[in-house]
Amino acid sequence: MKTLPDDRGYFGDYGGRFVPETLMAPLAELERAYRKASRDRAFQTRLDDLLRSYVGRPTPLYLARRLSAGLGGARIWLKREDLCHTGAHKINNALGQGLLACEMGKGRVIAETGAGQHGVAVATAAALLGLECRVYMGTEDMRRQELNVVRMGLMGAEVVPVEAGSRTLKDAINEALRDWVTNVSGTHYILGSVLGPHPYPMMVRDFQTVIGREALLQFRKAARTLPDMVVACVGGGSNAAGIFTAFVPHENVGLVGVEAGGRGLAPGEHAARFSGTGASGILHGTRTLVLQDDDGQILDTHSVSAGLDYPAVGPEHVQWQESGRVTYTNVDDEEAIAAFHVLAESEGIVPALESAHALAYAMKVAPAMPLATNVLVNLSGRGDKDLGEVGRVEREAP
Amino acid sequence: MNRLAAAFRVARREKRAAFVAYVTAGDPTLARTVEIAHALQRAGVDVLELGVPFSDPIADGPTNQRAAERALASGATLNGVLAAVKILREDCELPIVLFTYANPVLRYDISRFAEDAAAAGVDGVLFTDVPAEEMGPFEGPLDENSLDLVMLVTPTSTRRRMKAAGRLGGGFLYLVSRAGVTGARPDLSADLADNIRAARRASSLPVAVGFGISTPEQVAKVAALADGVVVGSAIVSHIGALGDCDELADEVEKFASELVQACRR
């Protein structure tokens, strides 16, 4: 099988590098540094050591027995990325890119964040590696993920509120890109998902594929087989790309990406790019599926989960969807919040609202699957950050 | 010869730099944009750059972002911008370059866009977020409709990239004065003269410098070095402060006249 992307950063028709000219030089520099680092044994050893001793990898594979018994169908397994240091898979990528920034001699890193998990991961990596750090975050997200704002500050990062647009992830990326255009020489932009101009979709995927590599080996060992289905939530799509990539060649394993259905599929009420409402477009440096109006203006999105609240999706996911290898579906706010409670009550695990979308889908399909089948859910993050917001939403519910 | 090339030739003959004015189309309304274009022509502007408003303008600073928001709120679309150019062309020969992000054009359909833009009387198109490597799908349709592709080069562009831009580009080469987004800056880049020389070596096109130039003093300094000077945010900020009023066009004319005067060497 040919490995994607091609040398121009395309996954089929999607991807590429649509950025202001000023960024072409740093992107070329980044691509060179990344390709060199991925062949450099010392770099890989350093990253692997940190992933083990600092992040706590490998993260466990856990069979959710009480949850599965309650549903009465397929067994549900969880890949416990919520147990990573900082509470989500985002740290895998943040550390990889942080080390890369050091290799490139850049003393300052910037990042965007939605749910705050990527921002926290970058602030953490920056503290660990002694880098100056600035994180852009929409004010709507700062409100609903307040705990993470405090955590970033604690680690010495400067959190810059973004007031533009819908004041969420999209707007934070706009500001981070503007910062980078202005401060190209000494700054590395640690993008948090499989989005943006080449090489980000490839590089972020590669830093996250540790999830799927571990899960595949752990699953074989524990169950003597492979799962029938692997489910992950998809905002930009980094945790999904991270767990899917290892399973893509195993065609008997069904792969399902779960988007945010929000309050329904009317424009502005969701972030379900694959629901038939997204169209091919260019946003944040990459050609991909984008929620936009007839004039090519980007639509606002809504999800109870800040990490899924984004109008475009990683280009490789569009290629996976077109090739039929991955199926994409969506789960709405209410279903996600219900799954959030069920996991807490049945297993003593509080999932992030993002991950709760993947879980909600698994809970929907598991009862109709035979008892001997297995569904693996990427539990990409923990839900401490969401406690306040879930409470607020439930108090305001009619 | 097309309008763009002619404008730079006239300026050179008159031993001055060409003055390129940028405004966001539809700010405050498309009807006002037509009035403003006439006013800019009366002020002696040589080339008009019309910004196509986009919801996520990553190459723009706060001034132009807010202008795009106002334009979108007034209902301006790419369709509407082309219709405004058509109206303008009834009695205005000012060369017009559309300054746009890729997505609205992609959504409109590149071929249909090129045909409609040419039919409306657009002379050139500048894409803020399409580098030479990605220009493939855009190049052909623009060329078939005799639209100049105005390429951006920056202080971070390698010599090879500048040459590629020179080969692909038409009308003029747009040199970004310094790494950064659009918007006024207190000082000019110290490397500006070197960067202009590098752009000249890479291409036979006239070189116009933009981003961050806002005062008559800065215009005069750049005009002494380059073939053209682009002022955007300073004019846009003036338009934003005045808002949708009947004096708008006259005020913009007065404001632009001072900047145009500074182009004389």
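Everything below is about the structure printed above this text.
In this numbering scheme, every chain counts its residues from 1 along its sequence in written order. The order in which chains are written sets their letters, starting at A; the order in which ligands are written sets their numbers, starting at 1. Whole-chain, interface and lining totals are the exception, using all residues; otherwise, since this is a predicted model, local features are given only for residues with pLDDT of at least 70 and side-chain atom pairs are given and counted only at 80 or more. Based on all heavy atoms of the structure, the side-chain values leave hydrogens and waters out of the count.

*Asks:* I'm lost on the pattern of salt bridges in this one. Help?
*Replies:* Between side chains of opposite charge, a pair can form as their charged atoms come close. Salt bridges are defined as contacts in which a side-chain nitrogen from Lys or Arg sits within 4 Å of a carboxyl oxygen from Asp or Glu. Taken as a whole, this structure holds 50 salt bridges over all chains when the rule is applied. Between Asp187(B) and Arg178(B) there is a salt bridge whose closest N-O contact spans 3.7 Å. Only protein chains enter the accessibility calculation, which uses a 1.4 Å probe. A residue is then buried if its area is under 20% of the maximum for its type, exposed if over 50%, and partly exposed in between. Looking at Arg178(B), the relative accessible area reads 23%, which means it is partly exposed. Put simply, Arg108(A), Glu132(A), Arg134(A), Glu158(A) and Asp179(A) are held in one network by salt bridges that share partners.

*Asks:* Would you mind showing me how to read the packing of helix α1 (residues 24-39) of chain A against helix α9 (residues 200-208) of chain A here?
*Replies:* The angle between the axes and the distance between the axes are what describe a pair of packed helices. Residue and element names in this part refer to chain A. Following both chains from N to C, one finds α1 and α9 inclined at 30°, their axes separated by 11 Å at the closest point. One element, α1, and the other, α9, form an angle in the roughly parallel class. With respect to the hand of their crossing, α1 and α9 are arranged in left-handed fashion. Residues Leu-27, Leu-30, Tyr-34 and Arg-35 of α1 lie in contact with α9, whose contacting residues are Tyr-200, Met-202, Met-203, Asp-206 and Phe-207. Considered class by class, the residues forming the contact of α1 with α9 number 7 nonpolar, no polar and 2 charged. For helices, the fitted axis covers only the stretch in contact; all axes are lines through C-alpha atoms, and the angles between them, taken along N-to-C directions, range from 0 to 180 degrees. Only DSSP runs of H or I covering at least 4 residues are called helices, and only runs of E covering at least 2 are called strands; the numbering of each starts at the N terminus. An angle below 35 degrees is treated as roughly parallel, one above 145 as roughly antiparallel, one from 65 to 115 as roughly perpendicular, and anything else as oblique. By the definition used in this description, the sense in which the near helix is turned from the far one sets the handedness, with an anticlockwise turn below a right angle giving left-handed and a clockwise turn giving right-handed. Whether two residues are in contact is decided by their heavy atoms, any of which lying within 4.5 Å being enough. Under the grouping applied here, Gly and all other residues not named as nonpolar or charged are polar, the nonpolar ones being Ala, Val, Leu, Ile, Met, Phe, Trp, Tyr, Cys and Pro and the charged ones Asp, Glu, Lys and Arg.

*Asks:* When you look at the sheet that holds strand β10 (residues 254-262) of chain A in this model, what are you seeing that I'm missing?
*Replies:* In sheet architecture, strand pairing relies on hydrogen bonds along the backbone and comes in two forms, parallel and antiparallel. Residue and element names in this part refer to chain A. The criterion for strand pairing is that DSSP finds at least two bridges linking the strands in question. As summarised here, the arrangement of the 6 strands in space is β3-β4-β14-β9-β10-β13, forming an open sheet in which the pairing is mixed. Looking at strand neighbours, the two that pair on one side only are β3 (61-63) and β13 (326-332), the edges of this open sheet. Across the sheet, the mean angle separating the axes of adjacent strands is 25° when strand polarity is ignored. Against the sheet, helix α14 (residues 353-365) engages β4 (75-80), β9 (229-233), β10, β13 and β14 (374-379), with an angle of about 145° to β9.

*Asks:* Sorry, what's going on with the pairing of strand β8 (residues 207-210) of chain B here?
*Replies:* Moving residue by residue along a regular strand, the side chains alternate between the two faces of the sheet. Residue and element names in this part refer to chain B. By the alternation rule, side chains of β8 split into Val-207 and Val-209 and Ala-208 and Gly-210, which are all buried. The definition of a right-handed crossover adopted here requires that, viewed with the strands pointing away, the path from the first strand over the helix to the second runs clockwise. Once you follow strand β7 (residues 173-176) into helix α9 (residues 192-202) and on to β8, the crossover reads as right-handed. Between the parallel pair β8 and strand β9 (residues 228-231), the chain is carried across by helix α10 (residues 216-223), and the sense of this crossover is right-handed.

*Asks:* Is there a simple way to explain the sheet that holds strand β5 (residues 108-113) of chain A in this structure?
*Replies:* Residue and element names in this part refer to chain A. An order of β7-β6-β5-β8 is seen for the 4 strands of this open sheet, with the pairing classed as parallel. Every interior strand has two partners, whereas the edge strands, β7 (158-162) and β8 (187-189), have only one. The sheet shows a mean angle of 25° between the axes of neighbouring strands, taken without regard to direction. Bridging between strand β6 (residues 132-138) and β7 involves 5 bridges; their strand directions are parallel. Looking across to β7, one finds that Val-135 is bridged to Val-159. Lying on the sheet, helix α8 (residues 169-182) is in contact with β5, β6, β7 and β8; it crosses β5 at an angle near 160°.

*Asks:* So what exactly am I meant to see when it comes to helix α8 (residues 159-168) of chain B here?
*Replies:* Because an α-helix packs 3.6 residues into every turn, residues spaced three or four apart end up facing the same way. Listed as buried for α8(B) are Arg161(B), Met162(B), Ala164(B), Ala165(B) and Gly166(B). Packed against the buried residues of α8(B) are α1 of chain A together with β6 (151-153), β7 and α9 of chain B.

*Asks:* Quick question: what am I supposed to make of the interface of chain A and chain B here?
*Replies:* In many analyses, interface size is given as the accessible surface area lost on bringing the parts together. Opposite the 33 residues of chain A that make contact, chain B presents 32 residues. Reported buried area values correspond to the accessible surface (1.4 Å probe) lost by two parts on association, with both partners' losses combined. When chain A packs against chain B, the two sides together hide about 2800 Å² of surface, and 51% of this comes from carbon and sulfur. Nitrogen and oxygen atoms within 3.5 Å of one another constitute a polar contact, given that in protein one can donate a hydrogen and the other can accept it, and given that sequence-neighbouring residues count only through two side-chain atoms. Counting the contacts that link chain A with chain B gives 21 residue pairs in polar contact (both at pLDDT 80 or more). Among the elements of the structure, α1, α8 and β11 (279-283) of chain A are those that each provide at least two residues to the side of chain A that touches chain B.

*Asks:* Would you mind going over the environment of Cys263(B) with me for this structure?
*Replies:* All names here are of chain B. With respect to the helices and strands, the residue Cys-263 is situated in the segment after α12 (248-261). In sequence terms Cys-263 and Ala-18 are 245 residues apart; their C-alpha atoms lie 7.0 Å from each other. Apart from residues no more than four positions distant in its own chain, Cys-263 is found in contact with Arg-16, Ala-17, Ala-18, Phe-19, Val-219, Ala-223 and Val-229.

*Asks:* What exactly am I supposed to notice about a positive patch on the surface here?
*Replies:* Residues and elements named next belong to chain B. Distance thresholds for patches are 9 Å for like charges and 5 Å for nonpolar side chains (Val, Leu, Ile, Met, Phe, Trp, Tyr), applied to residues having over 30% relative accessible area and no salt bridge. All accessible-area figures derive from a Shrake-Rupley calculation using a 1.4 Å probe, and residue coverage is judged against the displayed protein chains alone. Only four residue types enter the charge count: Lys and Arg as positive, Asp and Glu as negative, with His and the chain ends excluded. Every charge is mapped onto a representative atom, which is NZ of Lys, CZ of Arg, CG of Asp or CD of Glu. A surface patch of like charges, here positive, comprises Arg-159, Lys-163, Arg-167 and Arg-201. For the positive patch, the leading source of residues is α8, giving 3 residues. In this fold, Arg-201 is placed in helix α9.

*Asks:* Please clarify how unusual backbone geometry should be interpreted in this entry.
*Replies:* Most peptide bonds take the trans configuration, and most residues that are not glycine carry a negative phi. Looking along the chain, the bond that leaves Arg57(A) and enters Pro58(A) is cis, with omega of -5°. As for its placement among the helices and strands, Pro58(A) is situated in the loop between α2 (41-55) and β3. Positive phi is not limited to glycine here, since Arg224(A) has a value of about 60°. Relative to the assigned elements, Arg224(A) resides in the loop between α10 (210-223) and β9. Assessed through its relative accessible area of 73%, Arg224(A) is described here as exposed. Of note in the backbone geometry, Phe211(B) takes a positive phi value of approximately 80° without being a glycine. As for its position among the elements, Phe211(B) is in the loop between β8 and α10.

*Asks:* Sorry, what's going on with the state of the cysteines here?
*Replies:* Cysteine pairs can be covalently joined through their sulfur atoms, and such a bond is termed a disulfide. Our working definition of a disulfide is a cysteine sulfur pair at a distance within 2.5 Å. A full pass over the atoms with the stated rule returns 0 disulfides over all chains. Lacking any disulfide linkage, Cys84(A) is separated from the closest cysteine sulfur, that of Cys233(A), by 14 Å.

*Asks:* What should I look at first to understand the nonpolar core in this one?
*Replies:* One broad rule of soluble globular proteins: the nonpolar side chains tend to lie buried together. The nonpolar core is taken to be a set of buried Ala, Val, Leu, Ile, Met, Phe, Trp, Tyr and Cys residues, with the residues joined through side-chain atoms within 4.5 Å. Among the nonpolar cores identified, the biggest contains 102 residues, and Tyr189(A), Tyr200(A), Ile243(A), Phe244(A), Phe247(A) and Leu376(A) are the most heavily contacted of them. Sequence-distant contacts of Leu376(A), that is, excluding residues within four places in its chain, are made with Leu61(A), Trp77(A), Leu78(A), Lys79(A), Ala215(A), Phe219(A), Pro227(A), Met229(A), Val230(A), Val231(A), Ile243(A) and Phe247(A). Core analysis: the second largest hydrophobic core is formed by 79 residues, Leu48(B), Leu98(B), Tyr108(B) and Ile235(B) among them.

*Asks:* Is there a simple way to explain the side chain of Thr168(A) in this structure?
*Replies:* Among the secondary structure elements, Thr168(A) is positioned in the loop between β7 and α8. Leave out the neighbours within four places in its chain, and Thr168(A) touches Gly138(A), Glu140(A), Asp141(A), Arg144(A) and Asp309(A).

*Asks:* What exactly am I supposed to notice about the environment of Val150(B) here?
*Replies:* All names here are of chain B. Examined against the element boundaries, Val-150 turns out to sit in the loop between β5 (148-149) and β6. When its relative accessible area of 1% is taken as the criterion, Val-150 is described as buried. As for Val-150 and Leu-173, which are separated by 23 residues in sequence, their C-alpha atoms are 6.3 Å apart.

*Asks:* When you look at the pairing of β4(A) in this model, what are you seeing that I'm missing?
*Replies:* Residue and element names in this part refer to chain A. Burial within β4 is extensive, with 5 of its 6 residues counted as buried. Pairing analysis gives 3 bridges linking β3 to β4, with the strands arranged antiparallel. The residue of β4 that forms the bridge with Tyr-62 is Leu-78. Note that β4 and β14 share 6 bridges and pair parallel. The partner of Ile-76 across the bridge, within β14, is Val-375.

*Asks:* Hey, could you run me through the packing of aromatic side chains in this one?
*Replies:* Working definition: an aromatic ring pair is given by the centre-to-centre distance plus the angle between the planes. Working definition: a ring pair exists when centres of Phe, Tyr or Trp rings (six-membered ring for Trp) sit within 6.5 Å. Plane angles under 30 degrees give stacked, over 60 give edge-to-face, the rest tilted. Per the counting criterion, the structure on display carries 14 aromatic pairs over all chains. Measuring from ring centre to ring centre gives 6.0 Å for Trp180(A) and Tyr189(A), while their planes differ by 65°; the resulting arrangement is edge-to-face. By the burial criterion, Trp180(A) is buried, and Tyr189(A) matches it. Where Tyr108(B) meets Phe113(B), the ring centres are 6.3 Å apart and the plane angle is 85°; that geometry is what we call edge-to-face. For Phe113(B), a relative accessible area of 1% puts it in the buried group. Counting every residue linked through ring pairs, the aromatic cluster contains Phe8(B), Phe172(B), Tyr174(B) and Phe211(B). For the cation-ring pair, Arg112(B) lies above Tyr108(B), with the distance from its terminal atom to the ring centre recorded as 4.1 Å. Throughout this description, the term charge over a ring refers to an Arg CZ or Lys NZ atom that lies within 6 Å of the ring centre and within 35 degrees of the ring normal.

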